[in-house]
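So you can see what is in the structure, the chains are spelled out below.
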Amino acid sequence: MKSSFGESEIKVPRDREGSFEPTLVPKRHNIIDGLENIIISFYAKGMNVSDIEQQIHEMYDFEVSNSTISRITNAVTSEVMSWQNRPLEDLYLIVWMDGIVFKVRENSKVINKTIYLAVGLKRDGRKEVLGMWLGKNESSAFWISVLTDLKARGVEDILITATDNLNGFTQTIRSVFPESQTQICVVHQIRNACKYVVWKDRKEFSADMKHIYTAPTKQAAEAALNDFAGKWESKYSYVIASWRNNWDELNIFFEFPLEIRKIIYTTNLIENLNGKIRKYTKNKMSFPTDDPVVKPVYLALKESTKKWTMPI
């Protein structure tokens, strides 16, 4: 028997009919839960099967085969299924949505696939990962299936959705949750704007742009945008056009009190979560199939959200 206490030999009682079912160490199992949890924890932190085998040998001085480690980590698949299909609350105050791209082998080619994530803010102020969905490159067409799934699992309304600036995303959300207000991430807008600005202008340009999203009211923000356009439009017309075209979705947060604006106007919360997932999966250059993507991402989510104990 192999456990976190090392390797031991036990004699299992038997009866003639074979009806006796041992409880502590089930039949045909020589690894008990403590060690299984350690193996799953290693896997969650990005270690591959060979690394885990080597680590177990160094820690406990016994061998655990690759097939045994694979069997233990494969047990996570059923846990993912039940988690992904669990019922949700009927109302979420804010839902942040974003995607994270992985390289996956398909038909002898390595292609980009996206794990779509949705994080909801419940009425008690606590955050919850609502689910993850694997699809091809991020598109508003796939997001409609994500939103439909949320609705099927009991979500009746979302007050505010916070998203990056993906074409057609706002219309997609309204087709499923027509009363929801969509706030485009201001931080994404700032980053996209600064891409087109030459280095010597960037500091002054960013300082002027800051007056728009830190304005006390929507009217003051519109005035700041007009001043910003008057100064920079001749040089960076594309940037000004981007602010004007997205203005209806960029200014939603002005309708709310100052105390909560910062959590509405950015998707940083979900991007931080993406960063932690990347940390746990960084040693995987590509994945052989879809299933080996889903398992480590689920375990990384589980690990990363352990500290989500306090309300916002």
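Here we summarise the structure given alongside this text.

## With respect to the packing of aromatic side chains
Each aromatic ring pair is specified by the distance between its two centres and by the angle formed by the two planes. Evaluated as defined, the whole model comprises 12 aromatic pairs. Centre to centre, the rings of Trp243 and Trp247 are 6.4 Å apart; their planes meet at 50°, and the pair counts as tilted. Residue classification places Trp243 among the buried residues on the basis of a relative accessible area of 1%. Judged by its relative accessible area of 9%, Trp247 falls in the buried class. Over the ring of Phe102 we find Arg278, and its NZ or CZ is 4.9 Å from the ring centre.

## A short note on the state of the cysteines
Summed over the entire model, instances satisfying the criterion amount to 0 disulfides. Looking at the unpaired Cys194, the closest cysteine sulfur is the one in Cys185, lying at 13 Å.

## Some remarks on the packing of helix H3 (residues 66-74) against helix H4 (residues 76-84)
When two helices pack together, their arrangement is given by the angle between the helix axes and by the axis-to-axis distance. Contact geometry of H3 with H4 gives a least axis separation of 5 Å together with a crossing angle of 10°. Between H3 and H4, the interaxial angle falls into the category roughly parallel. Contacts between H3 and H4 pair Ile72, Thr73 and Asn74 from the former with Val76, Thr77 and Ser78 from the latter. Looking at the contact of H3 with H4 residue by residue, the class counts come to 2 nonpolar, 4 polar and no charged.

## With respect to the sheet that holds strand S5 (residues 127-135)
What holds strands together in a sheet is hydrogen bonding between their backbones, with the strands either parallel or antiparallel. Strand order in the open sheet formed by 5 strands is S5-S4-S3-S6-S7, and the pairing between neighbours is mixed. The sheet is open, and its two borders are formed by S5 and strand S7 (181-184), each paired with just one other strand. Here the average twist between neighbouring strands, direction ignored, is 25°. Of the strand pairs in this sheet, strand S3 (residues 91-106) and strand S4 (residues 109-121) are connected by 13 bridges, and their pairing is antiparallel. The residue of S4 that forms the bridge with Gly99 is Tyr116. Docked against the sheet, helix H6 (residues 169-176) engages S3, strand S6 (157-163) and S7, running at close to 170° with respect to S6. Those strands touched by helix H14 (residues 291-304) are S3, S4 and S5, and its axis lies near 170° from that of S5.

## A look at the nonpolar core
Ranked by size, the top nonpolar core spans 71 residues in total, and within it Ile56, Met132, Phe205, Met209, Phe228, Trp243 and Leu301 carry the most contacts. A per-element tally of this core places H14 first, with 7 residues. When sequence neighbours within four positions are dropped, the list of residues in contact with Phe205 reads Ala193, Val197, Phe228, Trp232, Tyr236 and Val239.

## Comments concerning the pairing of S5
By the criterion of burial, S5 is predominantly enclosed, with 7 of the 9 residues buried. Here S4 runs beside S5; their pairing, made up of 8 bridges, is antiparallel. Bridging across to S5, Gly120 finds its partner in Glu128. Where S4 hands over to S5, the hairpin turn is made up of 5 residues, of which Gly125 adopts a positive phi near 85°.

## Digging into a nonpolar patch on the surface
Taken together, Ile10, Val12 and Phe20 make up a surface patch of nonpolar side chains, about 240 Å² in accessible area. Position of Ile10 among the secondary structure elements: in the loop between strand S2 (6-7) and helix H1 (33-44).

## Here's the deal with the pairing of S6
Among the 7 residues of S6, 5 are classified as buried, and the element is accordingly described as predominantly covered. Where S6 lies against S7, 4 bridges are found, and the strand directions are parallel. What sits directly across from Ala162, in S7, is Gln183.

Cut-offs used in this document
Residues numbered from 1 in each chain as written. Predicted model: local features only at pLDDT ≥ 70, side-chain atom pairs only at ≥ 80, totals over all residues. Heavy atoms only, no water. Phe/Tyr/Trp six-rings, centres within 6.5 Å; stacked < 30°, edge-to-face > 60°. Buried < 20%, exposed > 50% of the residue type's maximum accessible area, 1.4 Å probe, protein only. Lys NZ or Arg CZ within 6 Å of the ring centre and 35° of its normal. Disulfide = S-S within 2.5 Å. Axes fitted to C-alpha atoms, helices over the stretch in contact; angles between N-to-C directions. Helix = DSSP H or I, 4+ residues; strand = E, 2+ residues; numbered from the N terminus. Parallel < 35°, antiparallel > 145°, perpendicular 65-115°, else oblique. Contact = heavy atoms within 4.5 Å. Nonpolar A, V, L, I, M, F, W, Y, C, P; charged D, E, K, R; others polar. Pairing = 2+ DSSP bridges. Core = buried A, V, L, I, M, F, W, Y, C linked by side-chain atoms within 4.5 Å. Patch = residues over 30% accessible without salt bridge, like charges linked within 9 Å, V, L, I, M, F, W, Y side chains within 5 Å. Areas by Shrake-Rupley, 256 points an atom, 1.4 Å probe, with all protein chains shown as cover. Salt bridge = Lys/Arg side-chain N within 4 Å of Asp/Glu carboxyl O.

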